[in-house]
Amino acid sequence: MAALYIVLVLVALGWPLVAVGACALVILALVRLPGGQVEQGASPMPGRWGWPLSAGMAMAAIASYGYGLARTTSLLMTDAEDRCVIASRNAFGYEHPLSSDGATSLWPLHDTTCGPDLVPAFLNPLVVALAVLCLTLVVVTVAARARRAGKVPRQLRAEP
């Protein structure tokens, strides 16, 4: 359990670095896209850009989750009362005390300790969409690689 806490703290603190890595991988994938030099009747090979793009989407999902995790009082990186004062002053212009009926959850990520939810509403759907996009890209890349492996001429295949 301590290892999970350490990982969550690292994700919450390091989400900006993970976001930069995600942007770099997406840019790398876009640079590697074929630019009109595709053979007649062939589709662009996702093997060259599929893996970096799917890794970029996974890193973007982790960075988004880390951003939301850093906004909560769950890891107690700040005192819960201090976090509530900071959050309520920014959102409402007055201090909001701790709520006795507040709740926190790591998935779906939410924190109602201060009354209003500290996690932005767009965050959980964004994390799910990025994870689904990552898995879709992995499936497309694997399928394209398998299809390409099946189209290799017999002369080039190694016979056992």
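Note that the coordinates shown come from a computational prediction; the quantities given were computed from them, not determined experimentally. (Residues numbered from 1 in each chain as written. Predicted model: local features only at pLDDT ≥ 70, side-chain atom pairs only at ≥ 80, totals over all residues. Heavy atoms only, no water.)

Participant: Account for helix H4 (residues 123-150), naming residues and giving values.
Facilitator: Each α-helix winds once per 3.6 residues, and so residues spaced three or four apart point in a common direction. The end-to-end C-alpha separation of H4 is 41 Å, in line with the 40 Å expected for 28 residues at 1.5 Å each. Residues Leu123, Asn124, Val127, Leu130, Cys134, Leu137, Thr141 and Ala144 constitute the buried set of H4. (Helix = DSSP H or I, 4+ residues; strand = E, 2+ residues; numbered from the N terminus. Expected span 1.5 Å × (residues − 1). Buried < 20%, exposed > 50% of the residue type's maximum accessible area, 1.4 Å probe, protein only.)

Participant: Before we move on, could you go through the environment of valine 128 and cite the residues and values that matter?
Facilitator: Within the secondary structure, valine 128 is located in helix H4. With a relative accessible area of 40%, valine 128 lands in the partly exposed category. Sequence separation between valine 128 and proline 108 is 20 residues; the distance between their C-alpha atoms is 9.9 Å.

Participant: So what's going on with a nonpolar patch on the surface? Residues and values would help.
Facilitator: On the surface, Tyr5, Ile6 and Leu10 cluster together into a nonpolar patch covering about 320 Å² of accessible area. With respect to the helices and strands, isoleucine 6 occurs in helix H1 (residues 2-31). (Patch = residues over 30% accessible without salt bridge, like charges linked within 9 Å, V, L, I, M, F, W, Y side chains within 5 Å. Areas by Shrake-Rupley, 256 points an atom, 1.4 Å probe, with all protein chains shown as cover. Salt bridge = Lys/Arg side-chain N within 4 Å of Asp/Glu carboxyl O.)

Participant: So what's going on with the side chain of aspartate 111? Which residues, and what values?
Facilitator: Mapped onto the secondary structure, aspartate 111 falls in strand S2 (residues 109-111). Residue class for aspartate 111 comes out buried when judged on its relative accessible area of 0%. Contacts of aspartate 111, omitting those with residues within four sequence positions, involve Thr72, Thr73, Ser74, Ala103, Thr104, Pro116, Asp117, Leu118 and Val119. (Contact = heavy atoms within 4.5 Å.)

Participant: Explain the confidence of the model for the chain residue by residue, including any values.
Facilitator: In regions of low pLDDT, the predicted coordinates are not meant to be interpreted in detail. Confidence in the prediction for the chain averages 79 pLDDT; 71% of positions are at 70 or higher. Counted against residues more than four places away or in other chains, residues 36-42, with its pLDDT under 50, gives 2 contacts. (pLDDT = per-residue confidence, 0-100.)

Participant: Residue-level account of the environment of arginine 48, with values.
Facilitator: Residue position: arginine 48 is located in helix H2 (residues 46-70). Judged by relative accessible area, which is 39%, arginine 48 ranks as partly exposed. On a C-alpha basis, the gap between arginine 48 and leucine 33 in space is 7.4 Å, while along the polypeptide they are 15 residues apart.

Participant: Can you lay out the nonpolar core for me, pointing to particular residues and giving the numbers?
Facilitator: In terms of nonpolar packing, the biggest core is built from 12 residues, these being Leu8, Val9, Val11, Ala12, Tyr65, Leu69, Ala70, Leu75, Leu109, Val119, Leu123 and Val127. For this core, the secondary structure elements donating two or more residues are H1, H2 and H4. Counting residues per element, this core draws most heavily on H1, which supplies 4 residues. Apart from the residues within four sequence positions on either side, valine 119 is in contact with Gly68, Thr72, Leu109, His110 and Asp111. (Core = buried A, V, L, I, M, F, W, Y, C linked by side-chain atoms within 4.5 Å.)

Participant: So, the packing of aromatic side chains: which residues are in play, and what are the values?
Facilitator: In the structure shown here, the tally under the stated rule is 2 aromatic pairs. Both rings, one in tryptophan 15 and one in tyrosine 67, keep their centres 5.1 Å apart while their planes meet at 75 degrees; by these two values the pair is edge-to-face. In this pair, tryptophan 15 is assigned in helix H1 and tyrosine 67 in helix H2, connecting sequence segments 52 residues apart. Classification of tyrosine 67 as partly exposed rests on a relative accessible area of 24%. Taken together, a centroid distance of 6.3 Å and an interplanar angle of 45 degrees make the contact between tyrosine 65 and tryptophan 107 tilted. On the criterion of sequence distance, the pair formed by tyrosine 65 in helix H2 and tryptophan 107 in the loop between strand S1 (104-106) and S2 is long-range, its members being 42 residues apart. Its relative accessible area of 46% is what places tryptophan 107 among the partly exposed residues. (Phe/Tyr/Trp six-rings, centres within 6.5 Å; stacked < 30°, edge-to-face > 60°.)

Participant: Can you explain unusual backbone geometry? Please cite residues and give values.
Facilitator: Across the junction of tryptophan 107 and proline 108, the peptide omega takes the value -10 degrees, indicating a cis bond. With respect to the helices, strands and loops of the structure, proline 108 is situated in the loop between S1 and S2.

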